[in-house]
Amino acid sequence: MKTFLDLLRRNYANLKLKYKLFILVSWIMISFFLFTFFGLQYAFHIYDEQIYSKSSQVLSTSSNIIENELQKMEDVSYNILTDPQIQQYLAATNNQSTEYEKYRIRSNMVDKLLSYVNNEKYIQSVILVDTSGEEYVAGPKSFKLPPNQKKTIIRGAIIADGKNIWMNPQGKDFTIVTAREIRQYKNLTFEPLGTLVINMDMNKLVNSLFEGSRKIDGEFLITNQKELIYPKESLSPLKKIALSINEKAGYQIKEIGGKNYFLVHINSHYFDWSYVNAIPFNQIFKNIGMIKTVLIVIFIFMFFIVTIIGIRFVKNITIPLENLVEGMQYVQNGDFKEAQKGFLKSSFLSNDEVGKLHKNFQSMTQQIDELVNENLSKQITIKETEFKALQAQINPHFLYNTLESINWLAKMTDQDQISKMVESLGFLLRNSISLKKRLIPMEDELNIVKNYIVIQTYRFEERLDFDMQVDTDLFDVYIPKLTLQPLVENAIHYALENMVDVCKIRIYSLVNKDSFQLIVEDNGPGMEPAFLEKLRKGEVKTRGQGIGLSNINERIKLSFGENFGVEIDSEPNQGTKIIIVLPYDRGEEHVQSVVS
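Residues numbered from 1 in each chain as written. Predicted model: local features only at pLDDT ≥ 70, side-chain atom pairs only at ≥ 80, totals over all residues. Heavy atoms only, no water.

### A closer look at the pattern of salt bridges
It is possible for side chains bearing opposite charge to pair when their charged atoms get close.
And step 1. Enumeration over the complete set of coordinates arrives at eight salt bridges.
And step 2. Between E120 and K72 there is a salt bridge, with its nearest N and O atoms 3.6 Å apart. Linking E120 in the loop between α4 (99-117) and β1 (123-130) with K72 in helix α2 (residues 17-81), this pair joins segments that are 48 residues apart in sequence.
And step 3. Take E120: its relative accessible area is 12%, and that puts it in the buried class.
And step 4. K150 is the salt-bridge partner of E135, the closest N and O atoms lying 2.8 Å from each other. Here E135, found in strand β2 (residues 135-138), pairs with K150, found in helix α5 (residues 147-160); they are 15 residues apart in sequence, far enough to count as distant.
And step 5. Residue classification places E135 among the buried positions, given a relative accessible area of 5%.
And step 6. Note on K150: relative accessible area 18%, which makes it buried.
And step 7. Each of the salt bridges in this network shares a partner with another, and the network as a whole consists of D161, E181 and R183. (Salt bridge = Lys/Arg side-chain N within 4 Å of Asp/Glu carboxyl O. Helix = DSSP H or I, 4+ residues; strand = E, 2+ residues; numbered from the N terminus. Buried < 20%, exposed > 50% of the residue type's maximum accessible area, 1.4 Å probe, protein only.)

### Structural notes on the environment of A242
And step 1. One can find A242 in helix α7 (residues 238-244).
And step 2. Separated by 36 residues in the primary sequence, A242 and A278 place their C-alpha atoms 9.2 Å from one another.
And step 3. Discounting residues that sit within four places of it in the chain, A242 has contacts with L221, T223 and V276. (Contact = heavy atoms within 4.5 Å.)

### Digging into the packing of aromatic side chains
And step 1. What the rule picks out here adds up to one aromatic pair.
And step 2. Taking 5.5 Å as the distance between ring centres and 40° as the angle between the ring planes, the aromatic pair formed by F516 and Y584 counts as tilted. Taken together, the positions of F516 in strand β15 (residues 515-522) and Y584 in the loop between β17 (576-583) and α17 (589-595) put the pair 68 residues apart, joining distant regions of the chain.
And step 3. Judged by its relative accessible area of 0%, F516 is buried.
And step 4. For Y584, a relative accessible area of 27% gives the class partly exposed. (Phe/Tyr/Trp six-rings, centres within 6.5 Å; stacked < 30°, edge-to-face > 60°.)

### Description of the sheet that holds strand β12 (residues 464-469)
Sheets are built from strands that pair by backbone hydrogen bonding, the pairs being arranged parallel or antiparallel.
And step 1. The strand order β12-β14-β15-β17-β16 describes an open sheet built from five strands, whose pairing is mixed. Because the sheet does not close on itself, it has two edges, and the strands there are β12 and β16 (565-570). On average, adjacent strands in this sheet sit at an angle of 15° to one another, irrespective of strand direction.
And step 2. In this sheet, β17 lies alongside β16 in antiparallel orientation, the contact comprising six bridges. By the bridge assignment, G565 is partnered in β17 with V581.
And step 3. Against the sheet, helix α13 (residues 442-460) engages β12, β14 (503-511) and β15, with an angle of about 165° to β12. (Pairing = 2+ DSSP bridges. Axes fitted to C-alpha atoms, helices over the stretch in contact; angles between N-to-C directions.)

### Some words on the pairing of β1
And step 1. For β1, the buried fraction is high: eight of the eight residues fall into the buried class.
And step 2. Pairing between β1 and strand β5 (residues 192-200): seven bridges, direction antiparallel. Within the sheet, the bridge partner assigned to D130 lies in β5 and is G194.
And step 3. Sheet topology places β1 next to β2; four bridges connect them, and they run antiparallel. Within β2, the residue paired with I127 across the bridge is V137.

### Examining the sheet that holds β1
And step 1. Pairing is antiparallel across the open sheet formed by five strands, whose spatial order is β2-β1-β5-β4-β3. Edge positions in the sheet fall to β2 and β3 (165-167), since each has one partner strand and no second. Taken over all neighbouring pairs, the strand axes of this sheet differ in orientation by 20° on average, direction set aside.
And step 2. Here α4 sits on the sheet in contact with β1 and β2, set at roughly 40° to β2.
And step 3. Across the sheet, α5 lies against β1, β2, β3, β4 (176-183) and β5, angled at about 155° from β3, the strand it touches most.

### Structural notes on the pairing of β4
And step 1. The buried fraction of β4 amounts to seven of the eight residues, a majority that puts the element mostly inside the structure.
And step 2. Alignment of β3 against β4, held across three bridges, turns out to be antiparallel. Counted as the bridge partner of I165 is A179 from β4.
And step 3. As defined by bridge partners, β4 adjoins β5 across eight bridges and the pair is classed as antiparallel. Across the sheet, the residue bridging to T178 is I198, located in β5.

### Some thoughts on the confidence of the model for the protein chain
And step 1. When pLDDT is averaged along the protein chain, the result is 75, and 74% of the positions lie at 70 or above.
And step 2. Every residue in residues 389-395 scores below 50 in pLDDT, and together they form zero contacts with partners more than four places removed in sequence or on other chains.
And step 3. The low-confidence segment residues 589-596, where pLDDT is below 50, has nine contacts with residues more than four positions distant or belonging to other chains. (pLDDT = per-residue confidence, 0-100.)

### Overview of α13
And step 1. Across its 19 residues, α13 extends 26 Å between first and last C-alpha, which sits within 8% of the 27 Å expected from 1.5 Å per residue.
And step 2. Within α13 the residues assigned to the buried category are M442, E445, L446, I448, V449, N451, Y452, I453, I455, Q456 and F460.
And step 3. Of the residues one or two after α13, E461 is the one with positive phi, at around 55°. (Expected span 1.5 Å × (residues − 1).)

### Some details on the nonpolar core
And step 1. Core analysis: the largest hydrophobic core is formed by 44 residues, its most contacted members being L518, I556 and L582.
And step 2. With sequence-adjacent residues up to four places away left out, L518 is seen in contact with M442, V470, L484, Y508, S509, I578, I579, I580 and L582.
And step 3. One finds M73, L81, I105 and L128 within the second-largest nonpolar core, a separate group that totals 43 residues. (Core = buried A, V, L, I, M, F, W, Y, C linked by side-chain atoms within 4.5 Å.)

### Topic: α5
And step 1. Compared with the 20 Å implied by 1.5 Å per residue over 14 residues, the 20 Å span of α5 between its first and last C-alpha is a close match.
And step 2. Of the positions making up α5, those classed as buried are Q149, K150, I153, G156, A157 and A160. The arc enclosing the buried residues of α5, seen along the axis, measures out at 140°, which places them on a common side. Along α5, the residues that are exposed and aim more than 90 degrees away from the buried face are P147, N148, K151 and I159.
And step 3. Those residues of α5 that are buried lie in contact with β1, β2, β3, β4 and β5.
And step 4. Looking one or two places after α5, you find D161, whose phi comes out positive at around 55°. (Arc of directions from axis to C-beta.)

### Topic: unusual backbone geometry
For residues that are not glycine, phi is negative in most cases, and the peptide bond is trans in most cases.
And step 1. The residue E461 is not glycine, and still its phi comes out positive at about 55°.
And step 2. By secondary structure assignment, the location of E461 is in the loop between α13 and β12.
And step 3. Unlike most non-glycine residues, L482 shows phi in positive territory, near 60°.
And step 4. By secondary structure assignment, the location of L482 is in the loop between β13 (478-480) and α14 (484-494).

Written out as structure tokens, the structure reads:
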């Protein structure tokens, strides 16, 4: 993927300016179109959410009204089965009685049931079936239960064990029924007395909800995910969609029968039902589709218009630039006069940026010859300087040879001290003058210190007590060249030379997890706080031509980063401790980068 993007980036970079501008304008137009398109999509989505919010409120209100009425029917059924007279009548029918008594009980039973039916406008009929199968029917729409329906309802009521059940029996005379088994509660015998069945007019109940509202080409449906509860019979394609909804409350947009419908559905809190309200949105979707089509057509039209105008605009910029590029090719080949005669003498040069570029380039070509001549002169001067620098290298070599001669002469005359001092001095000179490597192994840096100490030991004798304890695991770690030797030299200048007693100078290491410390410590007179502050700020100059602490600190930070460097710890009459914080660099990366 990265290689592909790099290839596209290179190809784009190599295109001509007019093509780059064309791609840029096209990208801006497409981005603007996508932003507008998705913005409208988001607006339409918010619009759908608002419609769903309002529709769900209406649907929730309607479902609550329906469920309240159904719960009211459960209360009615409970009042009927607990009615003392009905309990008495049913108990009497179970006993042996004459035909007259049965007729009287039937009349009283129907009258009692009518007293309940007349108070409820949504009840079609109340059917009471005793244990012998005899039916007592009361209500505006009275009928006998078919044998199969009677058997199914009675069996469901017995299984419910006194609880209320809701059923949706098949048949033209039913919409929805609630049934409950009646048991004798006198003397708490709970013997079965019969079954109560209340048939409700669901169509009348739902129609009363929408009474007075304008009829629209939509539907209100109630399902239990297995069958349609309301309306009883529906040939509409919405029936199949409503039965397939098994999600939580929400909405969806479906195309049904060539029309777009906004389906809002919620689940009942009381029954295992789902309420679905289907609202036709065909005209609204038609307008939305038209808006999208018009938007696309306008974008295509604007794209062509902007492209034509952009091409004309780009030509006014690129043609002078192409002429300028062609003139630059003459300059590249060294033919400055032809460049000035041909392509830089345009019949018309505007005063905009491109025209000024032409004029400035023409002025530049007139000065190219002079710059070339000056450059040749400078090159000659540089060559002469390099030749003199090569000659200057003779002096160090002459000095090394002279020191070597003194060394052999000292050995021949058994002057060991002079020989060791000359060898150490030669080692220091070679390492000090050589600048090929700025980072060297720790071991090489310690050898420089050792040779320097050899010379100083002969100078100060017993007054100098030097000790070096550096972990051998750090010998292959790279550090900046001449880091420790200048610190030892400073300790001699500022501590040893100002003391009468023996000066102890120590170099030791402390190893940490991600870094290590090299510490140069002396027991000299220490430093005053004011002097120490100036030293930390780099305001104190070293004696002679030595290397200061600020120089060492800067070289460490340049080589390894700001987390490393030099720290100073000193108090009057308590000695001085220089702490160098360095990383574990055992590779050649820093060395190669510095040398290159």
